[in-house]
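An overview of the molecular structure
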Amino acid sequence: IMRPSLPIDFFDLCLIPTHDLKKNLVNVIETFGPINDLKFYKNKQKNEGLILLGGISRHFEWNTEKIIKNIMQILSENEKINFTIMSSRRTPKNFIPELKSKLAKPIAIVEPDISQPKEILNKMKRAQNIWVTEDSLSMIYESISVGAVVNCINLDIKTKKIRLITNQLFKNKTINFFNK
């Protein structure tokens, strides 16, 4: 269900995201983003917001200071929203303590553990707006799948691969960019 590491000719059928294809092939069905088991939820809570953090990536520079500045801007521009911030296994270990030290008021912060997937899904179902760091394409597509307004937090690029995909999503009005 992703582009295989082996030659595509070795498989009878592949489900591959459009952004991973270089040409049309007979044994390939193109998908809009990676396949996931999430479904669209229409009963969103306007006062619920979610910030999803990726982390260290070969495609982007992780700039803790800049990302915290963006989060602080998001929080100040959306004071009526109850936010939850969720980090991932790739989020640098020093990021959350540094973020907490800058917050003016307590915000729910969920760090990776065994129970996190269920908690993320419950938050994603309810959140009308979700902000996602650009390095996490899977979280961007999952947020699109549940029907949230997706706001992508730009990061400085190392390679253009993912940026080309997020630019296309922006061009198609599927996501918004948040870059301060």
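Residues numbered from 1 in each chain as written. Predicted model: local features only at pLDDT ≥ 70, side-chain atom pairs only at ≥ 80, totals over all residues. Heavy atoms only, no water.

Strand pairs in the sheet, formed through backbone hydrogen bonds, run parallel or antiparallel to each other. Read from one edge to the other, the open sheet built from 6 strands follows the order β6-β5-β3-β7-β8-β10, with strand pairing classed as parallel. What marks the edges here is a single partner per strand, and that holds for β6 (108–110) and β10 (176–178). For this sheet, the mean angle separating the axes of adjacent strands, direction not counted, is 25 degrees. Here strand β8 (residues 149–153) runs beside β10; their pairing, made up of 3 bridges, is parallel. From the neighbouring strand, Cys152 faces β10, where its bridge partner is Phe177. Its contacts with the sheet place helix α1 (residues 64–77) against β3 (45–52), β5 (82–86), β7 (127–133), β8 and β10, and it is angled at close to 110 degrees to β10. (Pairing = 2+ DSSP bridges. Helix = DSSP H or I, 4+ residues; strand = E, 2+ residues; numbered from the N terminus. Axes fitted to C-alpha atoms, helices over the stretch in contact; angles between N-to-C directions. Contact = heavy atoms within 4.5 Å.)

Quick look at unusual backbone geometry now. Non-glycine residue Lys173 carries a positive phi angle of around 60 degrees. Looking at the secondary structure, you find Lys173 in the loop between α5 (161–171) and β10. Judged by its relative accessible area of 76%, Lys173 falls in the exposed class. (Buried < 20%, exposed > 50% of the residue type's maximum accessible area, 1.4 Å probe, protein only.)

What follows concerns the packing of aromatic side chains. Enumeration over the complete set of coordinates arrives at 4 aromatic pairs. Geometrically, the ring pair formed by Phe32 and Tyr141 is edge-to-face, given 5.3 Å between the ring centres and 80 degrees between the ring planes. Here Tyr141 lies in helix α4 (residues 137–145) and Phe32 lies in the loop between β2 (28–31) and β3, a separation of 109 residues in the sequence. Given a relative accessible area of 51%, Phe32 falls into the exposed group. Given a relative accessible area of 6%, Tyr141 falls into the buried group. Between Phe83 and Trp131, the ring centres sit 5.3 Å apart and the planes meet at 55 degrees, which makes this aromatic pair tilted. In this pair, Phe83 sits in strand β5 while Trp131 sits in strand β7, placing the two residues 48 residues apart along the sequence. For Phe83, a relative accessible area of 7% corresponds to the buried category. (Phe/Tyr/Trp six-rings, centres within 6.5 Å; stacked < 30°, edge-to-face > 60°.)

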